[in-house]
Amino acid sequence: MRGQGGKDVLSGNAGRDVLTGENGNDRLRGQAGNSGFGLVQSGALEGANVDVTEQLVNMITAQRNFQANAQMISTADQVTQTIINIR
């Protein structure tokens, strides 16, 4: 990930170590919440970036389309079989 000034930033070890610099050679040490380090919050839920309702509607629509196509193929097979039996 790129940080300010184009430096590589990688957080690790529960937010205690941050690697910066061209090749990640410089290491900053600190505690979460101090000196510009982020906070670590246990038990927090991350907010979703998708609309669950919209995705559920999309899934139901796709399932209905699949069923309609499967029924069409079945009907086409029956018609083909009927034509073969007529000859």
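In this section: the overall build of the protein. In terms of regular secondary structure, the protein is built from one helix and three strands. Start at the N end of the protein and walk to the C end: the helices and strands fall as β-β-β-α. Looking at the protein as a whole, 7% of its 87 residues qualify as buried. Taking the contacts inside the protein whose residues are at least 6 apart along the sequence as the reference set, 2% of them involve residues at least 24 apart.

Moving on, we get to a nonpolar patch on the surface. Judged by side-chain polarity, Leu56, Met59 and Ile60 come together as a nonpolar surface patch covering roughly 280 Å² of accessible area. Relative to the assigned elements, Met59 resides in helix 1 (residues 52-86). Of the residues examined, Met59 reaches a relative accessible area of 52% and is grouped as exposed.

All right, on to the confidence of the model for the protein then. Taken residue by residue, the protein gives an average pLDDT of 77. The fraction at 70 or more is 69%. Within the model, the stretch residues 9-16 combines pLDDT values under 50 with 17 contacts to residues more than four positions away or in other chains.

About the thresholds
For every chain, the first residue of the written sequence is number 1, and numbering continues from 1 onward in sequence order. With pLDDT at 70 or above as the cut-off, local features in this predicted model cover only qualifying residues; side-chain atom pairs require 80 or more to be listed or tallied, and sums for whole chains, interfaces and linings still use all residues. The side-chain values count all of the structure's non-hydrogen atoms but skip hydrogen atoms and water molecules. A helix here means a DSSP run of H or I that spans at least four residues, while a strand means a run of E at least two residues long, and both kinds are numbered starting from the N terminus. Burial here depends on accessible area, computed with a 1.4 Å probe over protein chains only, as a share of the maximum for the residue type. Under 20% is buried, over 50% is exposed, and the range in between is partly exposed. The criterion used for residue contact is that any of the two residues' heavy atoms lie within 4.5 Å. The patch calculation keeps residues exceeding 30% relative accessible area without a salt bridge and links them within 9 Å when they carry like charges or within 5 Å when they are nonpolar (Val, Leu, Ile, Met, Phe, Trp, Tyr). The accessible surface values rely on the Shrake-Rupley method and a 1.4 Å probe; as for residues, cover is taken only from the protein chains in view. Counted as salt bridges are all cases of a side-chain nitrogen of Lys or Arg within 4 Å of a carboxyl oxygen of Asp or Glu. pLDDT measures the predictor's confidence residue by residue and takes values from 0 up to 100.

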